[in-house]
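Observations on the three-dimensional arrangement
One-letter residues, chain by chain:
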Amino acid sequence: MKKNILIILSITLVAAVGWFYYAHQPREKVVSNETQSTTKQDVRKAVWEHLPADRQELTKSTWKDAKVQQITLDGAGNITGELVESYVGTEVYMVDFTTTRKAIPNNIIVIADKDTFEIIGYGLVD
């Protein structure tokens, strides 16, 4: 009987320690993943809304299908736009929209400000 009580107490103690350890683990990773995906969605939508109508019509689908990358602008060589030079060396978003063109490449690359999501310039595609 004493042996069964000791086993039950041991199991209860291990379960309590496990629950306490699990309950006090930081949950930052989950929150940051949700924030990152929300930010990417906001970037795509904001850039889409800043695109001129003729470029919107040229895209194959909506802003939801665009791809987003965060890059450091290391030079203005392959990017056209009046504001590009002032962003060299800073982090920006590169948003890639697929177009309806039959020729390859069939995309529009848009460079946007990381904070305001305003269009800085357009990437040249080969």
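An account of the accompanying structure is given in this report. (Residues numbered from 1 in each chain as written. Predicted model: local features only at pLDDT ≥ 70, side-chain atom pairs only at ≥ 80, totals over all residues. Heavy atoms only, no water.)

**Details of the pattern of salt bridges**
Throughout the structure, instances matching the rule amount to 1 salt bridge. The partner of lysine 114 in a salt bridge is glutamate 91, with the nearest N and O atoms 2.9 Å apart. On the criterion of sequence distance, the pair formed by lysine 114 in the loop between strand S4 (107–113) and strand S5 (119–123) and glutamate 91 in strand S3 (residues 91–98) is long-range, its members being 23 residues apart. On the basis of relative accessible area, lysine 114 is assigned to the partly exposed category, the value being 32%. Owing to a relative accessible area of 40%, glutamate 91 belongs among the partly exposed residues under this scheme. (Salt bridge = Lys/Arg side-chain N within 4 Å of Asp/Glu carboxyl O. Helix = DSSP H or I, 4+ residues; strand = E, 2+ residues; numbered from the N terminus. Buried < 20%, exposed > 50% of the residue type's maximum accessible area, 1.4 Å probe, protein only.)

**Some points on the environment of aspartate 115**
Residue placement: aspartate 115 occurs in the loop between S4 and S5. Residue classification places aspartate 115 among the exposed residues on the basis of a relative accessible area of 67%. A sequence separation of 72 residues divides aspartate 115 from valine 43, and the C-alpha atoms of the two residues are 9.4 Å apart.

**Focus: the nonpolar core**
Counting 17 residues, the largest nonpolar core has Val43, Val47, Leu51, Val95, Phe97 and Val110 as its most contacted members. Mapped onto this core, the elements with two or more residues apiece are helix H2 (28–50), S3, S4 and S5. Here this core takes 4 residues from H2, the largest share from any one element. The residues contacting valine 43, other than those within four sequence positions of it, are Val68, Tyr93, Val95 and Phe117. (Core = buried A, V, L, I, M, F, W, Y, C linked by side-chain atoms within 4.5 Å. Contact = heavy atoms within 4.5 Å.)

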